[in-house]
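Each chain is listed here by its residues.
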Protein chains: 2
Amino acid sequence: MIIISILIFSNMSMLFAEDGSKLWLRAKTDAHAQVIANSQSPTIDIAIKELQSQWKGAPVQLNIVKDKTTNALGTDGFIISGDNSKQIVINASAEQGLLYGSYHLLRLQECNAIPQHFNISESPSYSIRILNHWDGFGYTGGMMSNSFWKPELLPDNVPEFYTQYARANASIGINATVLNIVPGSPELLTATWLEKIKVIADALRPYHVKVYLAPNFATPKLLGELSTADPLNKDVQKWWKDKVDEIYKYVPDFGGFLMKANSEGSSGPLDYGRTHLDGANMMADALAHHNGVLMWRAFVYDPNEVDRAKQASLEFLPNDGKFRPNVIIQVKNGPIDFQPREPISPLFGAMQKTPVMIEYEIIQEYLGASNHIAYLGTTFEECLDTDTYARGIGSTVAKTTDGTLFGHKLTAISGVANIAANAPNWCGYVFCQANWYVFGRLGWNNKLSAEIIAEEWVRQTFTNDETFVWTITDLMMRSREAEVDFMMPLGLHHLFACGHHYGPEPWCDEHEPGWRADWKPSYYHRADEQGLGYDRTETGSNAVSQYFTPLRETYGNIATCDERFILWFHHVPWTYKMKNGRTLWDELCYHYDHGVQEVRDFQKIWDRMEKYVDAERFTHVKNKLCIQASDAVWWRDACVLYFQQFAKMPIPYDLERPNVTLQQIMNKKINFSEMFSN
Amino acid sequence: MIIISILIFSNMSMLFAEDGSKLWLRAKTDAHAQVIANSQSPTIDIAIKELQSQWKGAPVQLNIVKDKTTNALGTDGFIISGDNSKQIVINASAEQGLLYGSYHLLRLQECNAIPQHFNISESPSYSIRILNHWDGFGYTGGMMSNSFWKPELLPDNVPEFYTQYARANASIGINATVLNIVPGSPELLTATWLEKIKVIADALRPYHVKVYLAPNFATPKLLGELSTADPLNKDVQKWWKDKVDEIYKYVPDFGGFLMKANSEGSSGPLDYGRTHLDGANMMADALAHHNGVLMWRAFVYDPNEVDRAKQASLEFLPNDGKFRPNVIIQVKNGPIDFQPREPISPLFGAMQKTPVMIEYEIIQEYLGASNHIAYLGTTFEECLDTDTYARGIGSTVAKTTDGTLFGHKLTAISGVANIAANAPNWCGYVFCQANWYVFGRLGWNNKLSAEIIAEEWVRQTFTNDETFVWTITDLMMRSREAEVDFMMPLGLHHLFACGHHYGPEPWCDEHEPGWRADWKPSYYHRADEQGLGYDRTETGSNAVSQYFTPLRETYGNIATCDERFILWFHHVPWTYKMKNGRTLWDELCYHYDHGVQEVRDFQKIWDRMEKYVDAERFTHVKNKLCIQASDAVWWRDACVLYFQQFAKMPIPYDLERPNVTLQQIMNKKINFSEMFSN
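Residues numbered from 1 in each chain as written. Chains lettered and ligands numbered in written order. Predicted model: local features only at pLDDT ≥ 70, side-chain atom pairs only at ≥ 80, totals over all residues. Heavy atoms only, no water.

**Some thoughts on the overall build of chain A**
Right, on to step 1. Each helix and strand in chain A was counted, giving 22 helices and 17 strands.
Right, on to step 2. Relative to its 678 residues, chain A shows a buried fraction of 63%.
Right, on to step 3. Counted over contacts in chain A with a minimum sequence separation of 6, partners at least 24 positions apart contribute 72%.
Right, on to step 4. If you sum the accessible surface of chain A, you get close to 24,300 Å²; carbon and sulfur atoms cover 52% of it.
Right, on to step 5. When the 61 positive and 79 negative side-chain charges of chain A are each reduced to one mean point, those points stand 3 Å apart. (Helix = DSSP H or I, 4+ residues; strand = E, 2+ residues; numbered from the N terminus. Buried < 20%, exposed > 50% of the residue type's maximum accessible area, 1.4 Å probe, protein only. Contact = heavy atoms within 4.5 Å. Areas by Shrake-Rupley, 256 points an atom, 1.4 Å probe, with all protein chains shown as cover. Lys, Arg positive; Asp, Glu negative; His and termini not counted. Charge placed at Lys NZ, Arg CZ, Asp CG, Glu CD.)

**Section: the domain arrangement of chain A**
Right, on to step 1. The domains assigned to chain A are domain 1 (31–122), domain 2 (128–461) and domain 3 (485–534 + 571–675).
Right, on to step 2. If you average the C-alpha positions of domain 1 of chain A and of domain 3 of chain A, the two centres end up 48 Å apart. (Domains from an automatic or database assignment.)

**Things to note about the interface of chain A and chain B**
Many analyses report the size of an interface as the accessible area lost when the parts associate.
Right, on to step 1. Every contact between the two is made by 20 residues of chain A and, on the other side, 20 residues of chain B.
Right, on to step 2. Buried area between chain A and chain B, summed over both chains or domains, comes out near 1,900 Å², and the portion from carbon and sulfur atoms is 54%.
Right, on to step 3. In terms of surface lost to chain B, no three residues of chain A exceed Tyr 653, Arg 657 and Asn 659 of chain A, which account for 30% of the buried area on that side.
Right, on to step 4. Inspection of the chain A/chain B interface yields four salt bridges.
Right, on to step 5. At the surface where chain A touches chain B, the tally comes to eight residue pairs in polar contact (both at pLDDT 80 or more).
Right, on to step 6. Elements that contribute at least two residues to the side of chain A that touches chain B include exactly α19 (584–608) and α20 (615–647) of chain A.
Right, on to step 7. Ranked by residues supplied to the side of chain A that touches chain B, first place goes to α20 of chain A with six residues.
Right, on to step 8. For the side of chain A that touches chain B, the per-class residue count stands at eight nonpolar, five polar and seven charged. (Buried area = accessible area lost by both parts, 1.4 Å probe. Salt bridge = Lys/Arg side-chain N within 4 Å of Asp/Glu carboxyl O. Polar contact = N/O pair within 3.5 Å; in protein donor to acceptor, adjacent residues only side chain to side chain. Nonpolar A, V, L, I, M, F, W, Y, C, P; charged D, E, K, R; others polar.)

**Some details on the sheet that holds strand β3 (residues 60–64) of chain B**
For sheets, the rule is that strands pair by backbone hydrogen bonds, running either parallel or antiparallel.
Residues and elements named next belong to chain B.
Right, on to step 1. Reading across from one edge, β2-β3-β5-β4-β6 is the order of the five strands in this open sheet, with mixed pairing throughout. Edge positions in the open sheet fall to β2 (35–37) and β6 (117–122), since each of these has one partner strand only. In this sheet, neighbouring strand axes are inclined to one another by 15 degrees on average, regardless of whether the strands run parallel or antiparallel.
Right, on to step 2. In terms of strand pairing, strand β4 (residues 78–83) meets β6 through six bridges, oriented antiparallel. Across the sheet, the residue bridging to Ser 81 is Asn 119, located in β6. (Pairing = 2+ DSSP bridges. Axes fitted to C-alpha atoms, helices over the stretch in contact; angles between N-to-C directions.)

**Quick word on the relation of the copies chain A and chain B**
Right, on to step 1. For the pair chain A and chain B, the relating rotation is 180 degrees, the translation along its axis is 0.1 Å, and the fit reaches an RMSD of 0.1 Å. Considering both components of the superposition, the chain copies are consistent with a two-fold axis.
Right, on to step 2. A symmetric contact is evident, with 100% of the interface residues of chain A recurring at the interface of chain B. (Least-squares fit on C-alpha atoms with pLDDT ≥ 70 in both.)

**Observations regarding the state of the cysteines**
Right, on to step 1. Applying the stated criterion to the full structure yields two disulfides over all chains.
Right, on to step 2. Put simply, Cys 498 of chain A and Cys 508 of chain A are joined by a disulfide, and their sulfur atoms are 2.1 Å apart. Residues Cys 498 of chain A and Cys 508 of chain A are joined through a disulfide that is left-handed, its torsion about the S-S bond being -125 degrees. Placement of the pair is Cys 498 of chain A in the loop between α15 (466–487) and α16 (521–525) and Cys 508 of chain A in the loop between α15 and α16, with a sequence separation of ten residues. This pair shows no difference in class: Cys 498 of chain A is buried, exactly as Cys 508 of chain A is.
Right, on to step 3. Cys 427 of chain A provides the cysteine sulfur closest to Cys 111 of chain A, a residue in no disulfide bond, and the two sulfurs are 18 Å apart.
Right, on to step 4. Here Cys 589 of chain B stays unpaired: no disulfide links it, and the sulfur of Cys 639 of chain B, its closest cysteine neighbor, is 11 Å away. (Disulfide = S-S within 2.5 Å.)

**Here we look at the pattern of salt bridges**
Right, on to step 1. All chains considered together, the criterion is met by 82 salt bridges over all chains.
Right, on to step 2. The residue Asp 242 of chain B makes a salt bridge to Lys 238 of chain B at a minimum N-O spacing of 2.7 Å. With a gap of four residues between them, Asp 242 of chain B and Lys 238 of chain B both fall in helix α7 (residues 234–250), about one helical turn apart.
Right, on to step 3. The partly exposed category is assigned to Asp 242 of chain B, whose relative accessible area is 37%.
Right, on to step 4. Residues joined in a network through salt bridges with shared partners are Asp 593, Arg 600, Arg 636, Asp 637 and Glu 656 of chain A together with Asp 593, Arg 600, Arg 636, Asp 637 and Glu 656 of chain B.

**What about the packing of helix α11 (residues 377–385) of chain B against helix α13 (residues 430–444) of chain B?**
Residues and elements named next belong to chain B.
Right, on to step 1. Their axes nearest at 9 Å, the elements α11 and α13 cross at an angle of 30 degrees. The angle between α11 and α13 places the two elements in the roughly parallel class. Every residue of α13 that contacts α11 at Gly 377, Phe 380, Glu 381 and Leu 384 is listed here: Asn 435, Val 438, Phe 439 and Leu 442.
Right, on to step 2. When the residues that make up the contact of α11 with α13 are grouped by side-chain class, the tally is five nonpolar, two polar and one charged. (Parallel < 35°, antiparallel > 145°, perpendicular 65-115°, else oblique.)

**Points about the pairing of strand β5 (residues 87–92) of chain B**
Residues and elements named next belong to chain B.
Right, on to step 1. Most of β5 sits out of view: five of its six residues are buried.
Right, on to step 2. Bridge count between β3 and β5: five bridges; the pairing is parallel. If you follow Gln 61 over to β5, its bridge partner there is Val 89.
Right, on to step 3. Of the pairings in the sheet, the one linking β4 to β5 comprises five bridges and is antiparallel in character. Looking at β5, one finds that Ile 79 is bridged to Asn 91.
Right, on to step 4. Hairpin connection from β4 to β5: three residues lie between these consecutive antiparallel strands.

**Thoughts on the side chain of Asn 333 of chain A**
Right, on to step 1. Here Asn 333 of chain A lies in the loop between β13 (327–332) and α10 (347–350).
Right, on to step 2. Among residues more than four places away in sequence, those in contact with Asn 333 of chain A are Phe 338, Pro 343, Ile 344, Ser 345, Phe 348, Ile 358, Glu 359, Tyr 360, Thr 379 and Cys 383 of chain A.

**Considering the nonpolar core**
Right, on to step 1. With 200 residues, the main nonpolar core has Phe 257, Trp 436, Trp 606 and Phe 643 of chain A as its most contacted residues.
Right, on to step 2. Ranked by the residues each element gives to this core, the list is headed by α20 of chain A, at 16 residues.
Right, on to step 3. In this structure, Phe 643 of chain A is in contact with Leu 492, Leu 495, Pro 506, His 525, Ala 527, Leu 532, Trp 574, Trp 585, Leu 588 and Tyr 592 of chain A, ignoring residues within four places of it in sequence.
Right, on to step 4. Counting 199 residues, the second largest nonpolar core, distinct from the first, contains Val 331, Ala 374, Leu 490 and Ile 665 of chain B. (Core = buried A, V, L, I, M, F, W, Y, C linked by side-chain atoms within 4.5 Å.)

**Structural notes on unusual backbone geometry**
All names here are of chain B.
Right, on to step 1. Here Leu 154 and Pro 155 are connected by a cis peptide whose omega angle stands at 0 degrees.
Right, on to step 2. Examined against the element boundaries, Pro 155 turns out to sit in the loop between β7 (128–132) and β8 (157–159).
Right, on to step 3. The omega torsion of the bond from Thr 549 to Pro 550 falls at 5 degrees, within 30 degrees of zero and hence cis.
Right, on to step 4. Secondary-structure assignment places Pro 550 in the loop between β16 (531–532) and α17 (551–556).

**Considerations on the environment of Ala 559 of chain A**
All names here are of chain A.
Right, on to step 1. Tracing the sequence through the fold places Ala 559 in the loop between α17 (551–556) and α18 (566–569).
Right, on to step 2. Spatially, the C-alpha atom of Ala 559 lies 59 Å from that of Ala 58, the residues being 501 residues apart in sequence.
Right, on to step 3. The contact partners of Ala 559, leaving out residues within four places of it in the chain, are Tyr 576 and Lys 579.

**Considerations on helix α4 (residues 161–171) of chain B**
All names here are of chain B.
Right, on to step 1. Most of α4 is tucked away, with eight of its eleven residues classed as buried.
Right, on to step 2. For α4, the set of buried residues is Phe 161, Tyr 162, Tyr 165, Ala 166, Ala 168, Asn 169, Ala 170 and Ser 171.
Right, on to step 3. Looking at the packing, one finds that the buried side of α4 touches α3 (95–110), β7, β8, β9 (176–178), α5 (191–204) and α13.
Right, on to step 4. Where α4 terminates, the next one or two residues include Gly 173, which has phi positive at roughly 90 degrees.

Written as structure tokens, this is what we have:
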């Protein structure tokens, strides 16, 4: 096995140019710190080397200590004590704790936040902090073949970037990764691919990043090894058990499976007249004796059923408590699909006996892809901090998922990765790196604020100059709200083009045969001459009933509904008076325009920052902001002009008017290859 | 000869829809005024019918009176006297005076400006008030064939719109028209075309609109009738004399010729080693005994000579006084070519012995074509009111051209028409009609203010509602300055694309072989790392020397130069402090941005006017303003980003940033057929 170091990968191709590929890991490596440890292992070696080369403070002692205090923090936790003028000690019950403690120490240093006396004790909010790669790994040929993992090099060569990837994740506490998109190809579980998977797992192991897979539920049938994939069929059960045993031979610490079953056309237990419960438990049984985990996604919906927003709860709640102990239900933060803003999924808090994990989307599928600054720390925080009222006041989503409220030992948090093959700087945009960062940091500590994490990221990624830090932290904190404003304010959702999720097509009402009603914007916005929005109250789909009191009452009453969600839960008359006295129509226009003005302000702010940033990243961001500003205007004009057809009222006269007609916008076609060339 | 009334012409095709084709002539025709006249003629019949159908006041008496008072006003002047509760009298020495007086009375009525007692005496500032049609009339086939005059119908059918065209012109005092583009086709002067011209002249005659032609100087040679067009050749002289005699047989009141000779590649006397003087006098002689007028354009320039801005004066001034009495030199308002803003041509005031006439461009060749509101009243007024100081203070361009200062009897003013074949509402844009209107009104009275005329036009074209009148008059008065700001502020000129005169290409430096240096923007803007602008001071091209004192000194000194022309006359350092304390670079950016904000403000203003305007014209203008706003941003971004490469300074931080890169703008191609589809 050869570690190849030739420049095979664009991330690597500009090692000496400031292309952002160093992420937030920019500490100078010219330190010569004194570091000693009481044990040895590849992981501890890494911790030592990181500190030796970067730590500028007092000598550091790394100790594996299995006492009551360290054991209480679990394998990942650590304690930092000592005095920076004398000696610093990091204690942990396991090697990974020492690694996380070392990265923590370096983070404090890079953020200018080293205390004189250390008194730090940390352990993660979730046991599993996992990336979901929507990656073509396992597929051969076609559009899924451009895999981040470069499987064509495996198993004989190990790309050097695996180490950089593992290091970046470990530095922010991410300890698991699903290598492939849900659902995977049948071939994924064949020996050919398992040999490749072993190589990846071996490369990530020293950094304690565990490998998971997302197989196709029908794999035994699709491979032609069985005639069915019915989960109650004994042969099928045996097939999976044998297959799991085989996997663990390649990867002894294999994490488990993530399943997308009977969702958006994928195969699953329902194909055989069985239930999600049957399918999940069968696979969980196969994993159980290896301590493997089964993550089963609740992302299911059917155009023939009522209100898509209700379907996951309707499908999964009745089986709460019937899943095997090693099953965890993976639930997207909102009831639909990673929209710029959604209320929480009603499964949080409602599913109490079976563990539930949040699925976030780190990649900006619905937020301007790698062209927009949309810091998702605020999105993640908003979800975590929402009170479900499941057990009275204070039953936040954080507490329903981190074991606090329902006592589950199996806890996890997942994020769909924004790390792409051949993307410069890993994510295509420096500011997208912040979303990877904040996912890791919140998975480690779900009580941290999005703002504190943004500040941390800015300091490490750019500079500790206070003017820059506070200016750009503030910009980041406003950025997602700006996206909501210019895309889908007031609870609007899914106004995206039918053919892509980049631009607006609230009018889209066409498509190839088989295009589903619930893939069309009008399913969601329901604009008509009376008003706008989806009636999910008792007189409508009654989705509000899936929330606990008092959420169901406040959401269900137009007078008390949080206006950020008013069009999510209500069909609101155009002339309805909002809390500030404006009509709905005017308020909608003001939000759209405010989003545009915000992005224009970001441009001005960024230009002022020129002296604090290297020329390359300055220009990179400046050019991306051009695109974002242009997209913001596109969104505003498209949505305002489209909805104006129903509202039949003028845009408030003090707002900038569109400089295009609706017809011109409807004729606009975007060229993706051109758009993402940068 | 049959007057055809079928709908052959798009102007006619929507007689009942509000498409703007009624221009400013919207008086209701349900009046039954008492009108009597002391003479009869087709022209007087028109005056009577106009008043009978539209005049709502006291009975009107029309009198041809040849006394000292009326004779002093010339054939076109009129006196309105009487009392609106009893009887109104219009006296004039000729029938056309009665026609103009009648239109004046109706204009007062439509503008809500009827006095109780009339005491009005009017006569025109210029004898000849002439439109120049840059029209393919005379050409057959190819791109020049789409003629406004529909020559394919002639001589057998007379399009009804001729009458409407003549009426519109007469209503604002225009009394002459050059049917074809300079220079015309050789065929223009053949019998085939003269028969058509006769029909047009006959149709326009009752409205006293005289026909002129713009022949090709080389016609006798190009038709193959002679081997040369040398103006000193006897055969050539005889050919022109015979040709003129022939023309007058068809059109006994033929006006004369407009000549573009040896200009931009056209033929002329220089082709035979002769001078402009030789050519002009030869043709003037041919016209003289029919009292025909020769208008000879001074628009000549050569890329091999110094500064294009100087060339017309260098060529023509030495021959001042040597031209025949029936020659008038036609001089564009500025020294270059109808740019958004130019200083006056130095020929005004300098050419004293030979009459000089202004050539304005009514069509917005360089001002957004029929897509932008750019009310040119302010441009025309600015030129007329500029003091040349030719005979001391008060020697305005108006006085140098209307006979006041140099005593010439032959006076004229011309405007390149913006009336196009198949254009809806004659001009393609309702607001472009105002430029036709203001040209006529200023030609009649060069002391009227642009603002008064705009107000007149708004009242007649839209409504007398005072809110609308003052709001839209104010918008119009700001409109040309907005164009200057977003296109070419501070004296910049000719930043247009090499391939068209619509959009910005300050970078354009290419073209097919033969593309001239003086057709490239860099010839004019001269941007470099030191600064911007064309040094026309004594240390540069010394074009300032062509102006009289004190203009030459104030223009020539950067400290005293009117900042509206500073980049016209000076190469100004980027960091030069302008009068308001800003650097040149900052000031440039502020002007560009202000132009954009102005157009956005026009959009807001227009939207507020919805209740005062019919839906069709409201939408028509609204959509055009979208285009203008979009174009303004395009201009601003293109120019600011282009010049920033030289200035190397940031755009002032409080200004909106471009949302495109320079490269993206440079890649932009416009689709004219799409752009002018509305």
